Amino acid sequence: MGGNDITSDQIIAELVDMGFDISDITEAVKAVGPSLDNAIDFILNDSHRNNTGASTSVVCLTNNKVLGKRATSSLQPSGKMRQPNITEHLKLASEPKRSKTIGLCDASVSTKNYLIGHVEGPEVTPALDTSSDLCAEAFMVPSYCKDEHIIGFDWENKANNLIRKHFGFSSLKGFQKEVLAAWLEHQDCLVLAATGSGKSLCFQIPALLSGKVVVVISPLISLMHDQCLKLGKHGISACFLGSGQIDRSVEKKAMSGAYNIIYVCPETILRLIKPLQSLAESRGIALFAIDEVHCVSKWGHDFRPDYRRLSVLRESFRADKLKFLKFDIPLMALTATATTHVREDILKSLCMSKGTKTVMTSFFRPNLRFSVQHSRTSSLSSYEKDFSELIRLYTKNKKAVHILTPKNPESSSKYSSGWLNASIRGPDEMCNNQLHDTNDCDFSDDDGYLASPNEKELSVQYLEDDCDQVQEVDDLDVSCGEFRGQPPLNFNDCGTPDSQNLLRKAQETPPLHQGHLDEGPTIIYVPTRKETLSLSKFLTRFGVKAAAYNAKLPKSHLRQVHKEFHEDELQVVVATIAFGMGIDKSNVRRIIHYGWPQSLEAYYQEAGRAGRDGKLADCVLYANLSRIPTLLPSQRSEEQTKRAHKMLSDCFRYGMNTSCCRAKMLVQYFGEEFSQQRCLLCDVCINGPPEIQDLKVEATTLLQLIAANHGHESCQNVSSDDDLKGRILKRKPNIRALVSRLREQNHTFSATDFIWWRGLARILEDRGFIRDGDNMIRVQIKFPEPTDSGLRFLKSDLQRPFHVFPEADMLLSMKTRKPYSSFSEWGKGWADPEIRRQRLERKRASTKPRKRKARRHRPDLSTVRGRLSAKLSK
Ligand SMILES: Nc1ncnc2c1ncn2[C@@H]1O[C@H](COP(=O)(O)OP(=O)(O)OP(=O)(O)O)[C@@H](O)[C@H]1O
Ligand SMILES: [Mg+2]
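Note that this is a predicted model, so its numbers are computed, not measured. (Residues numbered from 1 in each chain as written. Chains lettered and ligands numbered in written order. Predicted model: local features only at pLDDT ≥ 70, side-chain atom pairs only at ≥ 80, totals over all residues. Heavy atoms only, no water.)

> Is there a simple way to think about the pattern of salt bridges in this case?
Side chains bearing opposite charge may pair, as long as their charged atoms lie close to each other. In this structure the tally under the stated criterion is 28 salt bridges. For the salt bridge of R392 with E389, the shortest nitrogen-to-oxygen distance reads 3.4 Å. You can see R392 and its partner E389 sitting in helix α16 (residues 380-395), three residues apart, about one turn around the helix. Residue classification places R392 among the partly exposed residues on the basis of a relative accessible area of 27%. With a shortest N-O distance of 3.0 Å, K396 and E519 are connected by a salt bridge. Within this pair, whereas K396 is found in the loop between α16 and α17 (409-413), its partner E519 is found in the loop between α22 (499-508) and β12 (522-525), the two being separated by 123 residues in sequence. When its relative accessible area of 14% is taken as the criterion, E519 is described as buried. Several salt bridges share partner residues, and in doing so they unite R758, R762, E807 and D809 into one network. (Salt bridge = Lys/Arg side-chain N within 4 Å of Asp/Glu carboxyl O. Helix = DSSP H or I, 4+ residues; strand = E, 2+ residues; numbered from the N terminus. Buried < 20%, exposed > 50% of the residue type's maximum accessible area, 1.4 Å probe, protein only.)

Next up, the structure:
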């Protein structure tokens with residue numbers, strides 16, 4: 001093997017790691033030789049080369065086309081939060097977001113003479129290179145802050161003037177005022193506010209008001225970069241420090257006070273404690289803000305161990321430790337997704353003070369339209385079915401979309417024959433044709449715990465590596481980490497429509513619930529890196545301007561995607577969770593989750609990227625409703641696995657729900673009381689729940705069997721086979737065995753579907769009638785045993801109905817099989833041998849085990865990965 005071969009091998013292994021398809025990789029390496037960069041370029045540009053139509057169809061959208069104002073929650077006299085309804089939301093959305101006129105302040109925050117933590121003793125002038133413009137500007141402290149001891153009674157006016165000057169907003173929101181008031185009183189503050197509500201302003205304004213530095217701890221370089229860039233544009237100097245920062249001088253300048261705001265990743269701050277103490281003494285530190293603070297909690301969905309060490313901030317910046325401080329430097333912790341449990345954990349882990357003020361707005365986002373749809377989400381035929389509308393939307397203005405056949409048809413056909421067929425048709429043709437697989441349910445008998453064929457062959461480590469589950473902080477490298485404050489824009493001159501104009505535009509906008517969606521960009525979240533590439537490739541071949549985003553792709557590519565996405569050059573980003581937290585782009589119209597998210601926290605966080613301009617946006621979850629979701633592979637302790645299962649189970653229940661408003665379910669998950677009955681937008685509110693059914697007979701039959709198998713004598717009539725019962729008792733029957741037994745024993749149910757019973761078991765568990773016998777936390781109950789209330793239910797009056805809304809999996813199995821509302825019908829005529837024969841034949845045909853396709857994957861022994869794979873499969 002020559003030297004070149006070895007290099008190619010390594011390149012191939014790296015590209016496989018990034019998620020590229022082996023056929024693309026081979027083609028690329030063949031075409032460009034052993035160069036990683038060229039190979040990536042070749043693969044990524046392949047779609048563009050093929051996508052001749054895309055370049056002519058860039059939809060130009062402007063962020064300021066319609067400026068809506070987000071609805072905010074209000075406190076009712078009872079002190080409870082009340083969410084705005086759609087009508088109120090619309091009214092608010094029709095108000096101008098940006099205006100020159102001073103808005104009336106509606107929150108009654110007391111105006112005191114607030115003192116801020118100050119420097120005692122002689123003022124230290126930081127050692128700076130004052131020749132630089134940047135430094136000179138950084139020290140342009142607003143005149144009213146020159147006497148930094150006193151911000152004054154009218155701090156609210158000052159703050160409003162500042163946000164008008166720098167950002168063009170008319171006034172602070174109510175919760176922002178509350179947070180600022182707490183800061184002015186040197187209180188720690190926990191801010192729980194919806195995605196897109198404007199939490200960043202809460203820690204940015206103190207830097208302007210006090211003239212001191214604000215230090216922000218943030219989990220991702222891309223997030224810090226985005227925020228610094230925006231601040232720079234609004235005349236506020238900022239920088240970020242961390243592993244992604246390659247310019248060493250930025251850190252030095254930051255520690256000598258050259259920037260208003262310093263963003264730091266959690267690992268870096270631990271190393272900077274001493275210099276920050278000096279900074280606190282010289283220019284002063286107004287506060288430490290811990291953004292996305294749910295990352296602190298082991299109970300959260302996005303735990304970062306380094307966040308847990310941030311308690312060092314409280315220990316190192318106390319007034320009793322640093323003599324020049326009059327007050328502890330306040331901590332401000334902010335998140336949009338924290339359950340009650342996570343909140344407690346945050347307060348404890350960060351050692352926040354006893355007097356910490358919690359400021360909470362409603363988590364409700366009244367313009368987000370949530371829905372759940374069934375899809376196998378696994379094959380090209382699902383892509384064709386699920387994305388035809390999206391393709392039509394983004395390509396409808398093209399005169400003719402010329403879709404080329406894949407250069408190498410053989411390599412394409414390995415996906416499915418549908419790929420090639422779809423590729424040579426235009427999108428419209430594809431959309432109009434009935435490509436849809438009518439029997440799209442996956443009823444292969446499984447408990448949902450089965451690994452996919454791939455999972456069986458590949459190592460856990462490989463799979464873990466294919467899922468961007470634990471995000472590292474340096475997700476992006478950026479050549480410039482400092483952002484000079486530019487003079488703020490004059491909002492009168494920058495073409496922003498005046499309020500009359502805005503009002504007229506808002507009036508022209510159809511009401512939210514009429515369902516018209518603007519053509520803004522879409523983010524599609526997929527579970528694995530591989531899928532980011534396959535789906536984006538699929539979309540680009542149909543003329544959509546789409547790009548993949550996953551943590552393993554070259555940073556230059558990720559940077560480019562960020563840029564094009566923010567500049568409205570991309571229509572779709574297909575991403576893993578690496579593209580999530582904090583992304584603040586106003587006009588994202590659709591967030592599609594293609595596959596089960598791992599938690600409702602992650603789901604709501606990612607969905608929160610949509611509709612930040614207050615206009616209607618869709619949040620669609622496509623998931624295989626007939627399968628129980630599994631955890632994505634990751635290294636977890638036993639305790640973490642339990643928690644992960646619990647979170648996944650909550651997410652599964654969200655998908656299975658057919659009767660409760662989805663927005664209500666989501667905000668209640670975060671511990672908020674939903675004051676309205678319904679959001680009037682989600683699929684449940686629009687379509688209404690399914691017909692309610694009395695399942696007393698079915699529930700009793702299942703419960704009796706469960707009880708009998710746990711030795712409850714009163715239920716013995718169910719099984720006369722003592723021997724079998726004894727055997728089952730010893731090895732704790734699982735739900736599958738129980739349902740098989742039930743179908744054997746009771747002819748009425750002989751052709752019923754396991755998935756239907758699994759749904760019923762879940763409902764019985766939720767009502768507290770059964771629980772998992774081995775005390776394991778699972779996504780779906782597996783070893784049911786009766787509870788006391790379950791046994792009481794069995795003794796209750798048989799005539800009393802047991803009303804149930806069938807859940808999504810039950811409905812699905814009813815739709816594709818026979819209607820279950822007619823269980824008893826099924827029993828009719830059973831005595832007739834011919835009817836019996838026909839039915840059993842039908843049943844046999846329908847339950848025939850599907851042959852699994854023989855795997856075509858043969859490890860390539862000339863590659864590192866191939867050899868590893870061959871070793872593992874031995
Ligand atoms: N007082 C205000 N008036 C009008 N718009 C505001 C105000 N404060 C913030 N905004 C706007 O709200 C948008 C969202 O702000 P921000 O990114 O701070 O949200 P967030 O609460 O941090 O959301 P996430 O949890 O998703 O990070 C921004 O575009 C910002 O300009
Ligand atoms: Mg934010």
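> Looking at this structure, how should I read the packing of aromatic side chains?
Two numbers describe a pair of aromatic rings. These are the distance of the centres and the angle of the planes. Tallied over the entire structure, the rule returns 24 aromatic pairs. Centroid distance F363 to F670: 5.4 Å. Interplanar angle 50°. Geometry classified as tilted. Of the two residues, F363 is situated in the loop between β9 (357-360) and β10 (368-374) and F670 in the loop between α27 (662-669) and α28 (683-687); the sequence distance between them amounts to 307 residues. Residues F363 and F670 agree in their burial class; the two are buried. One aromatic cluster in this structure is built from F363, F370, Y603, Y604, Y654, Y669 and F670. Looking at K696, its charged tip hangs above the ring of F793, at a distance of 4.8 Å from the centre. Over the ring of F754 we find R736, and its NZ or CZ is 4.0 Å from the ring centre. (Phe/Tyr/Trp six-rings, centres within 6.5 Å; stacked < 30°, edge-to-face > 60°. Lys NZ or Arg CZ within 6 Å of the ring centre and 35° of its normal.)

> So what exactly am I meant to see when it comes to unusual backbone geometry here?
Most peptide bonds take the trans form, and the phi angle of most residues other than glycine is negative. Look at H186: it is not a glycine, yet its phi comes out positive at around 60°. Structurally, the position occupied by H186 is in the loop between α7 (174-184) and β3 (189-192). A residue is classified by how much of its surface remains accessible, and H186, at 18% relative accessible area, is buried. One non-glycine residue, C351, adopts positive backbone phi at about 55°. Within the secondary structure, C351 sits in the loop between α15 (340-349) and β9.

> Just checking my understanding: could you explain the side chain of N260 for this structure?
Within the element layout of this structure, N260 appears in the loop between α10 (248-255) and β6 (261-264). The exposure class of N260 is buried, given its relative accessible area of 11%. At a separation of 3.0 Å, a polar atom in the side chain of N260 contacts the main-chain amide nitrogen of S237. (Polar contact = N/O pair within 3.5 Å; in protein donor to acceptor, adjacent residues only side chain to side chain.)

> For this particular structure, what's the right way to read the pairing of β12?
When a strand is regular, its side chains alternate between the sheet's two faces. Burial along β12 is two-sided: the face carrying T522 and I524 and the face carrying I523 and Y525 are both buried. Of the pairings in the sheet, the one linking β12 to strand β14 (residues 572-575) comprises four bridges and is parallel in character. What sits directly across from I524, in β14, is V574. As paired strands, β12 and strand β15 (residues 590-594) are joined by four bridges and run parallel to one another. By the bridge assignment for β15, T522 is matched with R590. (Pairing = 2+ DSSP bridges.)

> Is there a simple way to think about the site of ligand 1 in this case?
F169, G196, K199, S200 and R612 are the nearest of the 20 residues found near ligand 1. Taking S171, its main chain carries an N or O atom lying 3.0 Å from a nitrogen atom of ligand 1. Side-chain polar atom of R612 to an oxygen atom of ligand 1: 2.7 Å apart, as the coordinates give it. Relative to its unbound accessible surface of 640 Å², ligand 1 loses 89% to contact with the protein. Counting residues per element, the shell around ligand 1 draws most heavily on helix α8 (residues 199-210), which supplies three residues. A breakdown of the residues in the shell around ligand 1 according to their chemical character gives five nonpolar, eight polar and seven charged. (Near = heavy atom within 4 Å. Areas by Shrake-Rupley, 256 points an atom, 1.4 Å probe, with all protein chains shown as cover. Nonpolar A, V, L, I, M, F, W, Y, C, P; charged D, E, K, R; others polar.)

> Explanation requested: the packing of helix α29 (residues 696-708) against helix α32 (residues 754-766) in the structure shown.
If you want to describe how two helices pack, look at the angle between their axes and the distance between the axes. Look at α29 against α32: their axes get within 11 Å of each other, and the N-to-C directions meet at 85°. It follows that α29 is roughly perpendicular to α32 by the angle criterion. Judged by residue contacts, E698, A699, L702 and L703 of α29 engage W756, W757, L760, A761 and L764 from α32. Its residues assigned to classes, the contact of α29 with α32 shows eight nonpolar, no polar and one charged. (Axes fitted to C-alpha atoms, helices over the stretch in contact; angles between N-to-C directions. Parallel < 35°, antiparallel > 145°, perpendicular 65-115°, else oblique. Contact = heavy atoms within 4.5 Å.)

> I would appreciate a short explanation of the environment of A699 in the present structure.
Relative to the assigned elements, A699 resides in helix α29. Overall, the relative accessible area of 0% leaves A699 in the buried class. In the structure, A699 is positioned 62 residues away from A761 in sequence and 8.2 Å away in space, judged by C-alpha atoms. Sequence-distant contacts of A699, defined by excluding residues within four places in its chain, comprise L760, L764, F793 and F802.

> Help me understand the nonpolar core in this model?
Where a protein is soluble and globular, its nonpolar side chains tend to be buried together. In this structure, F20, L276, F288, L313 and F370 are the most contacted members of the largest nonpolar core, which totals 120 residues. The next biggest cluster of nonpolar side chains, apart from the first, holds 42 residues, and it includes I151, L162, F167 and I236. (Core = buried A, V, L, I, M, F, W, Y, C linked by side-chain atoms within 4.5 Å.)

> Would you mind showing me how to read the sheet that holds β14 here?
Either a parallel or an antiparallel arrangement is found when strands of a sheet pair, and the pairing is made through backbone hydrogen bonds. What the six strands build is an open sheet, ordered β10-β16-β15-β12-β14-β13; its pairing is parallel. The two strands at the open ends of the sheet, each matched to only one other strand, are β10 and β13 (546-549). Averaged over all pairs of adjacent strands, the angle between strand axes in this sheet comes to 15°, irrespective of strand direction. Set on the sheet, helix α23 (residues 529-541) makes contact with β12, β13 and β14; between it and β13 the angle comes to about 175°.

> Teacher, can you tell me more about the side chain of D188 here?
Inspection of the secondary structure puts D188 in the loop between α7 and β3. On the accessibility criterion, D188 (2% relative accessible area) is buried. With sequence-adjacent residues up to four places away left out, D188 is seen in contact with R314, P330, L331, M352, S353, G355, T356 and K357.

> Looking at this model, I keep getting lost on α27. Mind explaining?
Residues separated by three or four positions in an α-helix point in the same direction, a consequence of the helix having 3.6 residues per turn. Burial analysis of α27 places six of its eight residues in the buried class, which makes it a mostly covered element. Turning to α27, its buried residues number three or more, namely R662, A663, K664, L666, V667 and Y669. A positive backbone phi angle near 80° is found at G671, which sits one or two residues after α27.

Don't take any of this as a statement about function, it's just geometry.
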